[in-house]
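# Per-entry structural report
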Amino acid sequence: MDLKRELVIPNDDLPFKMFVFEGKNGNYRVTKHWHDTVEIFVVFEGEIDFYINASYFGLSKGRFIIVNSNEVHSIDVPKENFTIVVQIPPEEFERFKEGEYMLFAHTSEGYKEQDAQFVRLVRQMYTAYAEKRYGCELEVLSDYYRLLHFLVTKYQAKDVDGEQVKKNRQMKKLYRITSYIQEHYREDVTLETVAGIFGFSPTYLSRIFKKYANVNYKTYVLNVRVEYAYKELVNTGQSINKIAESCGFPDGRSFTKAFAARFGITPDKYRKEIRKR
């Protein structure tokens, strides 16, 4: 299984990220991943299949789900839909934490009016932002802070078991390590090197990757390099060898092998295909 840590960057003019879910046309899948932001999916048309850890949630029109910081999740989208995604940096909740972690919980039963208000806030935020009306930033921020208030006062989980805290603690360690890898993927980021930087033994670092990220360390690094190489392949005219060199691969051959394993096509053939479109 290929599990990755997603890098989330807020909108340029907002303290959070808001966008239309990229799987709106259906026949789309998001593989297992995690990030440190709190993520909200609100379905306005159609339906999506959502998985958090081993739990399944079917989301239809007017329904939403809250994904906690560092929760592993994936999505299956067989049909067309219109879904708004809001991603909130964890720092936004820092001053409201009563314990080590702030976690949110949402069930579809018993809170119909509360949930309807929550959904309306997200709709208003997106509509104002998309229409770019004069002063829309103030309008969006007004509803955004009301949304935060809802999360903190209405949807905060009160009882957090010890195992959940332990897992969150380990995922937080992984987040620091994967952040380092994403910043230094061009450099020597072997298991031994990175373990030494963070004060872990290579055996321990390897173990927490397998247990909490469900992927071995070497595969994770390889996938990060392929992701960045993909962007260069699509957006620049650099040669395959130059891209390989700039993204931490020892040579063009190793990059081609890793790219083909991920996308089922060699990078040069892929580049030719996208240039035909």
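This text goes with the structure placed above it.
Let me begin by describing the structure that accompanies this report. Because the structure is a prediction, the values reported are computed rather than measured. (Residues numbered from 1 in each chain as written. Predicted model: local features only at pLDDT ≥ 70, side-chain atom pairs only at ≥ 80, totals over all residues. Heavy atoms only, no water.)

### What about the overall build of the protein chain?
A tally of regular secondary structure across the protein chain gives nine helices and nine strands. Per-residue burial for the protein chain yields a buried fraction of 45% across its 277 residues. Partitioning the contacts of the protein chain with sequence separation of at least 6, the portion at a separation of at least 24 is 73%. (Helix = DSSP H or I, 4+ residues; strand = E, 2+ residues; numbered from the N terminus. Buried < 20%, exposed > 50% of the residue type's maximum accessible area, 1.4 Å probe, protein only. Contact = heavy atoms within 4.5 Å.)

### A short note on the side chain of Gln156
Structurally, Gln156 can be placed in the loop between α2 (136-154) and α3 (162-184). Setting aside anything within four residues of it in sequence, one finds Gln156 in contact with Met102, Leu103, Phe104 and Leu151.

### Examining the packing of helix α6 (residues 217-235) against helix α8 (residues 252-263)
Close contact between α6 and α8 brings their axes to 10 Å; oriented N to C, the two are set at 95 degrees. Considered as vectors, α6 and α8 are oriented roughly perpendicular to each other. Facing Leu222, Asn223, Val226, Glu227, Ala229, Tyr230 and Leu233 of α6, the residues of α8 in contact are Phe255, Ala258, Phe259, Arg262 and Phe263. Across the contact of α6 with α8, the residue classes break down as nine nonpolar, one polar and two charged. (Axes fitted to C-alpha atoms, helices over the stretch in contact; angles between N-to-C directions. Parallel < 35°, antiparallel > 145°, perpendicular 65-115°, else oblique. Nonpolar A, V, L, I, M, F, W, Y, C, P; charged D, E, K, R; others polar.)

### Some remarks on the side chain of Gln87
Turning to its location among the elements, Gln87 is positioned in strand β9 (residues 81-88). The buried category is assigned to Gln87, whose relative accessible area is 1%.

### Overview of the nonpolar core
Leu205, Phe209 and Tyr217 are the most contacted members of the largest nonpolar core, which totals 38 residues. The element best represented in this core is α6, accounting for eight residues. Not counting residues within four places of it along the chain, the set of residues in contact with Leu205 comprises Ile177, Leu191, Val194, Ala195, Phe200 and Tyr217. Met18, Phe104, Ala128 and Leu151 belong to the second-largest nonpolar core, a separate cluster that totals 30 residues. (Core = buried A, V, L, I, M, F, W, Y, C linked by side-chain atoms within 4.5 Å.)

### Overview of α6
Quick reminder: α-helices carry 3.6 residues per turn. Residues three or four places apart thus point the same way. Here α6 contains 19 residues, and its C-alpha end-to-end distance of 28 Å stays within 8% of the 27 Å for a straight helix at 1.5 Å per residue. For α6, the full list of buried residues reads Tyr217, Tyr220, Val221, Asn223, Val224, Arg225, Val226, Tyr228, Ala229, Glu232 and Leu233. (Expected span 1.5 Å × (residues − 1).)

### Remarks on the packing of helix α1 (residues 112-131) against α2
Where α1 contacts α2, the two axes come as close as 9 Å, and the packing angle between them is 155 degrees. As far as their axial angle goes, α2 and α1 are roughly antiparallel. When the axes of α1 and α2 are compared, the crossing they make is left-handed. On α2, the residues touching Gln114, Gln117, Phe118, Leu121, Val122, Gln124, Met125, Ala128 and Tyr129 of α1 are Cys136, Glu139, Val140, Asp143, Tyr144, Arg146, Leu147, Phe150, Leu151 and Lys154. Counted by class, the contact of α1 with α2 contains twelve nonpolar, three polar and four charged residues. (Left-handed = near helix turned anticlockwise from the far one by under 90°.)

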